Amino acid sequence: MNLAIISDIHGNLEALTAVLERLQSCAVDRIISLGDNIGYGPNPNEVMGMLAREKVESILGNHEMVIKHPRFLNWFNPVARNSVVKTTADLSLKHVKSIHTHETAMVKDALRFVHGVPPRSPFLYPFQLSDRLLAKKISDMGQSICFCGHTHELEIIECTNHGKLQRRPLARQGEALNRKYRYLINAGSVGQPRDSNKDAKVLIYHTRSHSIEVIYVPYPYKVTMQKIIDAGLPESFANKLSP
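Residues numbered from 1 in each chain as written. Predicted model: local features only at pLDDT ≥ 70, side-chain atom pairs only at ≥ 80, totals over all residues. Heavy atoms only, no water.

Visitor: Looking at this model, I keep getting lost on the overall build of the protein. Mind explaining?
Guide: Check the secondary structure of the protein and you find 8 helices and 12 strands. Computed over the C-alpha atoms, the radius of gyration of the protein is 17 Å, within 12% of the 18 Å expected from 2.2 N^0.38 for a compact globule of 243 residues. Each of the three principal axes of the protein carries a C-alpha extent, and together these read 50 × 40 × 30 Å. Within the protein, counting contacts between residues at least 6 apart in sequence, those at least 24 apart form 71% of the total. With 30 positive and 23 negative side-chain charges, the protein shows a spacing of 5 Å between the two charge centroids. (Helix = DSSP H or I, 4+ residues; strand = E, 2+ residues; numbered from the N terminus. Rg over C-alpha atoms; globule rule 2.2 N^0.38 Å. Contact = heavy atoms within 4.5 Å. Lys, Arg positive; Asp, Glu negative; His and termini not counted. Charge placed at Lys NZ, Arg CZ, Asp CG, Glu CD.)

Visitor: What exactly am I supposed to notice about the sheet that holds strand β10 (residues 182–187) here?
Guide: Neighbouring strands of a sheet are bound in pairs by backbone hydrogen bonds; such pairs are parallel or else antiparallel. Taken in spatial order, the 6 strands of this open sheet run β4-β5-β6-β10-β7-β8, and their pairing is mixed. A single partner strand is all that each edge strand has here, and the edge strands are β4 (105–108) and β8 (165–168). Strand-to-strand twist across the sheet, computed as the mean angle between neighbouring axes with direction ignored, equals 15 degrees. Of the strand pairs in this sheet, strand β5 (residues 111–114) and strand β6 (residues 145–148) are connected by 2 bridges, and their pairing is parallel. For Phe 113, the partnering residue across the bridge sits in β6 and is Phe 147. Against the sheet, helix α6 (residues 131–140) makes contact with β7 (154–159), β8 and β10, and its axis sits at roughly 100 degrees relative to β8, the strand it touches most. (Pairing = 2+ DSSP bridges. Axes fitted to C-alpha atoms, helices over the stretch in contact; angles between N-to-C directions.)

Visitor: Explanation requested: empty space enclosed by the protein in the structure shown.
Guide: One way to see where empty space is left: roll a probe the size of a water molecule over the atoms. Scanning all chains against the criterion turns up 1 cavity of 30 Å³ or more. By volume, the largest cavity is sized at about 40 Å³. If you go around the largest cavity, the residues you meet are His 10, Asn 12, Tyr 40, Gly 41, Gly 191, Gln 192, Thr 224, Ile 228 and Leu 241. (1 Å grid on protein atoms, 1.4 Å probe; cavity = no way out; pocket = protein on both sides within 12 Å on 5 of 7 lines; lining within 4 Å. Points joined across faces, edges and corners; volume = space filled by probe spheres on them.)

Next up, the structure:
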């Protein structure tokens, strides 16, 4: 089975469209989104609609958590908070109801999916935890692989049988995984990458070979940048899309 993992689309319709078109030629059996489908970008309703049409399964990111539990709005910095408020106001009732059905974690085919840190935090970043605490969380989860997002950067965190962590960027050519170890694997971002390459990122996990493939997908980012500005969202959100 080939499983596609996407994350942090952030209302970027152009990036999501390009990714889904690319995946049509990749023979994937299932697509799972790690949350933050909305926020920052100009097309939250269109993104949510496309995910529904393509039957993409999704969990809650921190941006969706505000829709489901408004008390979490104070977690965001002032600039992001304004974006969250606007996105919340713009979302159709149908998509709000859909978000209310999502959970903070998902387990499929002996794999765990969470936005931030296992077992189910959409807010914590892996770098906020000591190696010892993160290793315990990875060791204690019932699955050998957990996919996450949230940082917008591709990363693989390997936990050996002795609880030792090794953190490294996820190589562009992908990686073969050691069946004896446990992993926390960051899928980067479709709609707002924060690494040196601004292409949309998508992972494919190959169950037979126990390996990760990384796909970089170019898209017309200038279109999205202009739409962000035209929507009255902070220009900084547009600038982050530019190489």
